[in-house]
Amino acid sequence: MKFVRYGRAGLEQPGLIDAQGRLRSLSAQVRDIDASVFGPTGQRALRQLDPEQLPLVPGRPRLGVPFVGISKFIAIGLNYRDHANEAHMAIPTSPIVFNKWTTCLSGPNDAVLRPPGTHKLDWEVELGVVIGREARFVREADALKHVAGYCLVNDVSERAYQLELGSQWGLGKGCDTFGPVGPWLVTRDAIADPQDIDLWLEVNGERMQTGNTRDMIFGVAYLVAYLSRYMTLRPGDLIATGTPPGVGMGRKPPRYLQPGDVVTLGSPQLGTQRQTIRSAPQRPV
Ligand code: ZN
């Protein structure tokens with residue numbers, strides 16, 4: 001199944017994408033795409049539904065983050081060898097874990113806002129892993145049973161904030177709008193192998209990243225098991241699993257995003273995103 005949430009920001013409605021790629025409403029069945037829906041029990045119940053019987057949603061509404069209940073937005077750094085090389089950083093011997101603040105979450109096609117006074121805005125297409133069942137000290141062999149599904153993530157990064165303000169990356173990873181997620185939450189049963197997912201990203205139509213999750217240093221099951229040693233992973237928690245090579249920072253000369261640039265990214269299995277870069281308004285709220 002492919003879950004979506006559509007409508008104006010903050011007022012999204014639950015839906016799913018049918019076999020023909022059409023958007024259908026789930027509003028009569030569920031209140032929102034939360035853990036009661038994408039968790040194992042919810043998925044089992046919804047499988048009884050015939051998507052063809054659900055109302056079609058007219059037009060092309062805005063899409064939001066395709067699920068709610070993200071208590072943690074965890075990210076993994078330098079999880080592809082070629083990306084570690086282009087970043088001139090050592091190949092990690094254990095996963096590099098950092099956070100994206102949950103306030104950075106935004107819809108897959110919402111604008112990305114460049115913070116005032118910065119000039120090193122960069123892109124990172126990634127496989128996102130959505131937890132469906134609580135995980136604590138799980139074994140790698142059991143880890144995927146705790147995964148509800150997968151989604152596309154752009155781990156938008158401001159490199160000056162990430163790398164020039166201290167040893168922690170968080171300030172450059174979690175600015176508002178730095179977490180486009182979606183368009184879909186694709187349930188685990190619909191992905192034959194999470195280590196065989198194609199990923200690509202273009203800037204203004206020029207191909208920048210082409211990768212496949214088979215090249216990850218630490219795979220999905222390992223990452224879920226590893227993280228569960230240090231924290232309780234809750235249903236809805238989201239893990240961005242690292243980016244393949246081709247980020248702006250690694251180009252010679254570096255190429256950073258400017259207002260007006262358009263970033264498109266996608267995966268045959270996970271759908272596509274499109275973001276226009278804009279300047280963030282410089283005012284207190
Ligand atoms: Zn990343």
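For the structure, check the block above.
All values derive from a computational prediction rather than experimental measurement. (Residues numbered from 1 in each chain as written. Predicted model: local features only at pLDDT ≥ 70, side-chain atom pairs only at ≥ 80, totals over all residues. Heavy atoms only, no water.)

The number of helices and strands found in the protein is 6 helices and 18 strands. Against the compact-globule benchmark of 19 Å for 285 residues, the protein has a radius of gyration of 18 Å, which places it among compact chains. With the C-alpha coordinates aligned to their principal axes, the bounding extent of the protein is approximately 55 × 45 × 35 Å. Taking all 285 residues of the protein together, 57% fall into the buried category. Considering only contacts in the protein between residues 6 or more positions apart, those separated by 24 or more positions represent 74%. Per element, the accessible surface of the protein, about 12,500 Å² overall, is 51% carbon and sulfur. (Helix = DSSP H or I, 4+ residues; strand = E, 2+ residues; numbered from the N terminus. Rg over C-alpha atoms; globule rule 2.2 N^0.38 Å. Buried < 20%, exposed > 50% of the residue type's maximum accessible area, 1.4 Å probe, protein only. Contact = heavy atoms within 4.5 Å. Areas by Shrake-Rupley, 256 points an atom, 1.4 Å probe, with all protein chains shown as cover.)

Quick look at the state of the cysteines now. For the structure on display, the rule yields 0 disulfides. Just so you know, Cys175 is unpaired, no disulfide at all, and the nearest cysteine sulfur is the one on Cys104, 8.5 Å from it. Look at Cys175 and you get buried, because its relative accessible area is 16%. (Disulfide = S-S within 2.5 Å.)

Turning our attention to the nonpolar core. In this structure, Phe67, Val224, Leu238 and Ile239 are the most contacted members of the largest nonpolar core, which totals 80 residues. A domain-level breakdown of this core finds at least three residues from each of domain 1 (2-53) and domain 2 (73-279). If sequence neighbours within four positions are ignored, Leu238 has contacts with Phe67, Ile70, Lys72, Phe73, Ile74, Leu105, Gly128, Val129, Val130, Cys151, Val153 and Val181. (Core = buried A, V, L, I, M, F, W, Y, C linked by side-chain atoms within 4.5 Å. Domains from an automatic or database assignment.)

Further remarks concern the environment of Leu49. Within the secondary structure layout, Leu49 lies in the loop between helix 2 (40-46) and strand 4 (73-77). Non-local contacts of Leu49, meaning those with residues more than four positions away in its chain, are made with Leu26, Gln29 and Leu54.

Turning our eyes to something else, we now look at the packing of aromatic side chains. By the definition in use, this model includes 5 aromatic pairs. Aromatic pair Tyr226 and Tyr230: ring centres 5.2 Å apart, planes at 55°, arrangement tilted. Connected via pairs of aromatic rings, a cluster forms that spans Phe218, Tyr222, Tyr226 and Tyr230. The lysine or arginine in question, Lys2, covers the ring of Trp184, its NZ or CZ lying 4.2 Å from the ring centre. (Phe/Tyr/Trp six-rings, centres within 6.5 Å; stacked < 30°, edge-to-face > 60°. Lys NZ or Arg CZ within 6 Å of the ring centre and 35° of its normal.)

Read from one edge to the other, the open sheet built from 5 strands follows the order 7-18-17-14-15, with strand pairing classed as mixed. In the strand order of this sheet, the two ends are held by strand 7 (112-114) and strand 15 (206-212), each with one partner. Going across the sheet, the axis of each strand differs from the next one's by a mean of 20°, ignoring polarity. The pairing of strand 14 (residues 198-203) with strand 17 (residues 262-267) spans 4 bridges and is antiparallel. (Pairing = 2+ DSSP bridges. Axes fitted to C-alpha atoms, helices over the stretch in contact; angles between N-to-C directions.)

Any two of four tetrahedral donors ideally make an angle of 109.5 degrees at the metal, while pairs among six octahedral donors ideally make 90 or 180 degrees. Protein coordination of the zinc ion is provided by Glu124 (OE), Glu126 (OE) and Asp155 (OD), with donor distances spanning 1.9 to 2.0 Å. For the zinc ion, all donor residues lie on one chain, and their spacing in sequence is E-x1-E-x28-D. On the basis of relative accessibility, which here comes to 5%, the residue Glu124 falls in the buried class. The class of Glu126 is buried, set by a relative accessible area of 0%. (Donors = N, O, S within 2.8 Å, 3.2 Å for Na, K, Ca; no water.)

Another point: the side chain of Glu202. Among the structural elements, Glu202 can be located in strand 14. A polar contact of 3.2 Å, which involves the side chain of Glu202, links it to the side chain of Arg207. (Polar contact = N/O pair within 3.5 Å; in protein donor to acceptor, adjacent residues only side chain to side chain.)

Here we have 9 strands laid out as an open sheet, ordered 3-2-1-13-10-9-16-4-5, and mixed in their pairing. Two strands in the sheet have a free side with no partner beyond their single neighbour: strand 3 (23-25) and strand 5 (96-99). Strand-to-strand twist across the sheet, computed as the mean angle between neighbouring axes with direction ignored, equals 30°. Sheet topology note: the strand 2 (residues 13-17)/strand 3 ladder contains 3 bridges and is antiparallel. Its bridge partner being in strand 3, Leu16 is matched across the sheet by Arg24. Running at roughly 55° to strand 9 (residues 125-131), helix 6 (residues 220-228) makes contact with strand 4, strand 5, strand 9, strand 10 (147-154) and strand 16 (238-240) of the sheet.

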